[in-house]
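Each chain, letter by letter, is given below.
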Amino acid sequence: MVVKFIGLYFNLTNVVMITVASLIVFIIAVIATRQLAMKPKGMQNFLEWIMDFVKSIINSTMDWKDGGRFHILGITLIMYIFVSNMLGLPFLIEFNGHEWWRSPTADPMVTMTLATTVIVLSHFYGVKLKGAKEYGKGFFTPLPFLFPLKIIEEFANNLTLGLRLYGNIYAGELLLSLLVGGLAHTGVIGAIAAVPVTMAWQAFSIFVGSIQAYLFTMLTMVYMSHKVSHDH
Amino acid sequence: MNLIAAAIAAGLAAVGAGIGNGLVVGRTVEGIGRQPEARGMLQTYMFIGIGLVEALPIIGVVVAFMVLGR
């Protein structure tokens, strides 16, 4: 639901859901870092596993001297996108014709914002770490006549990064609402048949949500390494 | 007309995803057959490949649903 406030348009559904996702990630992080011990147990184990996982993602794209500064960015991205993708699966609350509880990443605005943030950040770090002249020369590097293709590549990366996440999560949620709202209401056989199909689709949506979170983080690090690392 | 357009969009998206995913997973299975020790690495890259390949067909499915609603 879109409201206008001081000349700006706010999508209240997104505001609510992004706040919920941020709160959940914050609570997970705070619970996992209570009573830090050298031998981790319980939730601290889980967060250390996430940190090692993101470290392996960064290590596979650029060496740690260049990529170490993006460790926290990677952890934030993967936790936030994973939690956001999972939020819309248990239930979807609709009130007065507007959706109020759904995955925030089922809105193209949110995913395109994330993708654009990451791409602009990669350009910013390219200028900051390599200097403006090296950054400019990077556009003409393999062969100078590929310059328009490199420009198009930036926009294409941006679009596909955002729309891939949006399409996967939105299609999953749409099919879920069609199954529960449509198939389950067409008689007794429909209701009985809807149960295993919905369970299978829920499981597949959990799988797709985690794969997409991992893929977004991995592609972020790949695009970052194209701008930042030296040994191309 | 909307129904025909949505059906064509979804059908072509399914063909694209099927062929693309089939190539990626087929090569992965062949690679695992040649060298079973490389299974973890190949599996990782297979999931990345599937995520990349399925992006545009899923956008096609979203377009099909958008056209269906008009």
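Residues numbered from 1 in each chain as written. Chains lettered and ligands numbered in written order. Predicted model: local features only at pLDDT ≥ 70, side-chain atom pairs only at ≥ 80, totals over all residues. Heavy atoms only, no water.

## A short note on the side chain of Gln-44 of chain A
And step 1. You can see Gln-44 of chain A is positioned in helix H2 (residues 43-59).
And step 2. For Gln-44 of chain A, a relative accessible area of 7% gives the class buried. (Helix = DSSP H or I, 4+ residues; strand = E, 2+ residues; numbered from the N terminus. Buried < 20%, exposed > 50% of the residue type's maximum accessible area, 1.4 Å probe, protein only.)

## Things to note about the interface of chain B and chain A
And step 1. Facing 10 residues of chain B, the contacting portion of chain A comprises 17 residues.
And step 2. Overall, the association of chain B and chain A removes approximately 1,200 Å² of surface from exposure, summing both partners, and the carbon and sulfur fraction of that is 83%.
And step 3. Here chain B is connected to chain A by zero salt bridges.
And step 4. Our enumeration of links across chain B and chain A arrives at zero residue pairs in polar contact (both at pLDDT 80 or more).
And step 5. Taken together, the elements giving at least two residues each to the side of chain B that touches chain A come down to helix H2 (39-53) and helix H3 (55-69) of chain B.
And step 6. Along the lines of polarity and charge, the residues of the side of chain B that touches chain A split into eight nonpolar, two polar and no charged. (Contact = heavy atoms within 4.5 Å. Buried area = accessible area lost by both parts, 1.4 Å probe. Salt bridge = Lys/Arg side-chain N within 4 Å of Asp/Glu carboxyl O. Polar contact = N/O pair within 3.5 Å; in protein donor to acceptor, adjacent residues only side chain to side chain. Nonpolar A, V, L, I, M, F, W, Y, C, P; charged D, E, K, R; others polar.)

## Topic: the confidence of the model for chain A
And step 1. Averaged over every residue, the pLDDT of chain A is 89; residues scoring 70 or more account for 99%.
And step 2. Taking the mean pLDDT of every element in chain A, the minimum, 81, falls on strand S3 (residues 93-95) of chain A and the maximum, 94, on helix H4 (residues 71-87) of chain A. (pLDDT = per-residue confidence, 0-100.)

## Some words on the pattern of salt bridges
Residue and element names in this part refer to chain A.
And step 1. Using the criterion set out here, one finds four salt bridges over all chains in the structure.
And step 2. Note that Glu-99 and Arg-102 form a salt bridge whose closest N and O atoms lie 3.2 Å from each other.
And step 3. Assessed through its relative accessible area of 32%, Glu-99 is described here as partly exposed.
And step 4. Judged by its relative accessible area of 8%, Arg-102 falls in the buried class.
And step 5. Among the ionic contacts, a cluster of salt bridges with common partners joins Glu-99, Arg-102 and Asp-107.

## Remarks on the nonpolar core
All names here are of chain A.
And step 1. Residues Ile-50, Phe-70, Met-79, Ile-81, Leu-161 and Phe-216 are the most contacted members of the largest nonpolar core, which totals 39 residues.
And step 2. Counting residues per element, the ones that place at least two in this core are helix H1 (12-32), H2, H4, helix H5 (108-130), helix H7 (147-181) and helix H8 (187-228).
And step 3. The element contributing the most residues to this core is H8, with 10 residues.
And step 4. What Ile-81 contacts, discounting residues up to four positions off in sequence, is Leu-114, Leu-165, Ala-213 and Phe-216. (Core = buried A, V, L, I, M, F, W, Y, C linked by side-chain atoms within 4.5 Å.)

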